[in-house]
Amino acid sequence: MAKVENRTPNIVSLYFQQEKGDPDYGSCLWAIFNFDLDRYELSITSDCGNYAYGWVPTPHSESFMHLIARIDSGYLLDKIATQKILNTGETFKAVKQLISDYGVDPSELNEYDEPTIDLSVVKSCCEESIPPEVIFALRNTFRGTPMEDCDDGDLWGCICMDFTANAKKIVQIFIDYIKPLCKKASDKEVM
């Protein structure tokens, strides 16, 4: 049988709200950052998404506020979000590098005096909406070219993903507005 018990957490809650004069007003109008000081859990509720992550509590070596005060944006992004958006520019760069790695020169001409591989078509393939469509488009584009026999694993290795704009925004808010307050709280703990 399930067990339910009452718990009163030791939480610091910080509220962020954009003001109308902010240059990026509307990108994230509000956010609540809750820090569970005993369980080392961060939860964020905002109009640009909800995020959460928990760390292993280490109260004897480092307080949660001290831990939070020293993290950087990349680390926090990796903890609270996943890369869901296809980064078309980076994917195209990776495919161009793969073509080069295979020893293919896109400027070479075929028997019809056309480029062996048209990079504008490759770029267009990399702008498909989801990774499987990119792979399918590249496979079709490479048919009959020196890249025809490239490994599917190599093509999948070219796919570059990115975090959503909302996840990046909430991390920017954390770094710009919340982290300095956590640092102040951490400094007060030491004194």
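Quick note: structure is the one above.
Residues numbered from 1 in each chain as written. Predicted model: local features only at pLDDT ≥ 70, side-chain atom pairs only at ≥ 80, totals over all residues. Heavy atoms only, no water.

Q: Honestly, the side chain of Ser46 in this entry has me stumped. Any pointers?
A: Structurally, the position occupied by Ser46 is in strand 3 (residues 41–46). Classification of Ser46 as buried rests on a relative accessible area of 8%. The residues touching Ser46, leaving out its near neighbours within four places in the chain, are Cys28, Trp30, Ala31, Tyr51 and Ile170. (Helix = DSSP H or I, 4+ residues; strand = E, 2+ residues; numbered from the N terminus. Buried < 20%, exposed > 50% of the residue type's maximum accessible area, 1.4 Å probe, protein only. Contact = heavy atoms within 4.5 Å.)

Q: Mind showing me how you'd approach helix 5 (residues 131–142) here?
A: For the α-helix, the turn length of 3.6 residues means that residues three or four positions removed from each other point alike. Taking 1.5 Å of rise per residue, the twelve residues of helix 5 would be expected to cover 16 Å, and the 16 Å separating its terminal C-alpha atoms lies within 8% of that figure. Turning to helix 5, its buried residues number three or more, namely Pro131, Val134, Ile135, Ala137, Leu138 and Phe142. Mapping the buried residues of helix 5 onto a view down its axis gives an arc of 165°, with all of them on the same face. At its buried positions, helix 5 is contacted by strand 5 (85–86), helix 3 (88–101), helix 4 (119–126), helix 6 (152–158) and strand 6 (161–162). (Expected span 1.5 Å × (residues − 1). Arc of directions from axis to C-beta.)

Q: I'm lost on the packing of helix 3 against helix 4 in this one. Help?
A: A pair of packed helices can be characterised by two numbers: the angle between their axes and the separation between those axes. It is the contact of helix 3 with helix 4, at a shortest axis distance of 9 Å, that shows an interaxial angle of 135°. Between helix 3 and helix 4, the interaxial angle falls into the category oblique. With respect to the hand of their crossing, helix 3 and helix 4 are arranged in right-handed fashion. Two secondary-structure elements touch here, helix 3 through Thr88, Thr91, Phe92, Val95, Lys96 and Ile99 and helix 4 through Leu119, Val122, Lys123 and Cys126. When its residues are assigned to classes, the contact of helix 3 with helix 4 shows six nonpolar, two polar and two charged. (Axes fitted to C-alpha atoms, helices over the stretch in contact; angles between N-to-C directions. Parallel < 35°, antiparallel > 145°, perpendicular 65-115°, else oblique. Left-handed = near helix turned anticlockwise from the far one by under 90°. Nonpolar A, V, L, I, M, F, W, Y, C, P; charged D, E, K, R; others polar.)

Q: Sorry, what's going on with the packing of helix 4 against helix 5 here?
A: Their axes nearest at 8 Å, the elements helix 4 and helix 5 cross at an angle of 160°. Compared by their axis directions, helix 4 and helix 5 come out roughly antiparallel. Read as a crossing pair, helix 4 and helix 5 show a hand that is right-handed. Taking contact as the criterion, the partners of Val121, Val122, Cys125 and Cys126 in helix 4 are, on helix 5, Val134, Ala137, Leu138, Thr141 and Phe142.

Q: Is there a simple way to think about the packing of aromatic side chains in this case?
A: The geometry of an aromatic ring pair comes down to the distance between the two centres and the angle between the two planes. Scanning all chains against the criterion turns up six aromatic pairs. The rings of Phe35, Tyr40, Tyr53, Trp55 and Phe64 are connected pair by pair, giving a single aromatic cluster. (Phe/Tyr/Trp six-rings, centres within 6.5 Å; stacked < 30°, edge-to-face > 60°.)

Q: Quick question: what am I supposed to make of the pairing of strand 3 here?
A: Moving residue by residue along a regular strand, the side chains alternate between the two faces of the sheet. The side-chain alternation of strand 3 yields one buried face, formed by Leu42, Ile44 and Ser46, and one unburied face, formed by Glu41, Ser43 and Thr45. Relative to strand 3, strand 2 (residues 30–36) runs antiparallel, the two sharing six bridges. What sits directly across from Asp36, in strand 3, is Glu41. Relative to strand 4 (residues 49–54), strand 3 is paired through six bridges, and the arrangement is antiparallel. From the neighbouring strand, Glu41 faces strand 4, where its bridge partner is Gly54. The antiparallel pairing of strand 3 with strand 4 creates a hairpin that spans two residues between the two strands. (Pairing = 2+ DSSP bridges.)

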